[in-house]
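A structural walkthrough
This is what each chain is made of:
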Amino acid sequence: MHEVSIALSMVNELARIAKENNAKYISAVNLRIGRSSGIVIDSLKFAFDAIKLENPLISSAEIVIEEVPLRYECNDCKISFETDYIHFPSCPDCKSYSLKLLSGDEMDIVNMELEV
Ligand SMILES: [Zn+2]
C-alpha cells in the first residue's frame, strides 16, 4: 500500500523539522492533497495515525487534510473548470480533450504547529 510509505516519509520529514526547531513535539499538521495525486486520504490518515505512535515527536500530532479539486484549463477555448473526472476529462464548453492541469496533483505540507 503506497500510502504507508508516504506516511513513513512524512513522519521522517516532520521529525527532522521538529528537531531542527528544537520542538518538544508537533501538535498538528496541515496537508493539501490533490484529487489526482493517487493518494487515498483515509488510507493516508490511517497509516499516519499508526506510524506516528512510534515517534514521541509526532505521536500527538493531529493530521488535517484538505483535498484539492481537479482544475483544468482548456487549450482550445481557454476556460478553466473543476471536474470530478480523473480519467479523460473534457472541456464542458467545447468538449475538447486538450487540457492543461492547473491543480489537483499536489501533495504539500502546508504548515504544522510545533510545541517548543
Ligand atoms: Zn474548451
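Relevant structure appears above.
None of these values were measured; they are calculated from a predicted model.

1. Quick look at the sheet that holds strand S2 (residues 62–68)
Spatially, three strands are ordered S2-S1-S6 in an open sheet, and the strand pairing comes out mixed. Every interior strand has two partners, whereas the edge strands, S2 and strand S6 (107–115), have only one. Averaged over all neighbouring strand pairs, the angle between strand axes comes to 15 degrees, with direction disregarded. As paired elements, strand S1 (residues 25–34) and S2 share seven bridges and run parallel to each other. The residue bridging isoleucine 33 from the neighbouring strand is glutamate 67, located in S2. Contacts between helix H1 (residues 2–20) and the sheet are confined to S1 and S6, with S1 contributing the most and set at about 135 degrees to the helix. Where helix H2 (residues 41–51) meets the sheet, it contacts S1 and S2, and its direction lies at approximately 165 degrees from that of S2.

2. Notes on the sheet that holds strand S4 (residues 80–83)
If you trace the three strands from one edge of the open sheet to the other, you get S4-S3-S5, paired in antiparallel fashion. Strands at the two margins of the open sheet, each flanked by one partner only, are S4 and strand S5 (99–103). Each strand axis lies, on average, 35 degrees off the axis of its neighbour in the sheet, ignoring direction.

3. With respect to H1
For H1, spanning 19 residues, the distance from its first C-alpha to its last is 27 Å, which sits close to the expected 27 Å at 1.5 Å a residue. Turning to H1, the residues buried within the fold contact S1, H2 and S6. Positive backbone phi, approximately 50 degrees, marks asparagine 22, located one or two places after H1.

About the thresholds
Residues numbered from 1 in each chain as written. Predicted model: local features only at pLDDT ≥ 70, side-chain atom pairs only at ≥ 80, totals over all residues. Pairing = 2+ DSSP bridges. Helix = DSSP H or I, 4+ residues; strand = E, 2+ residues; numbered from the N terminus. Axes fitted to C-alpha atoms, helices over the stretch in contact; angles between N-to-C directions. Contact = placed C-beta atoms within 7 Å. Expected span 1.5 Å × (residues − 1).

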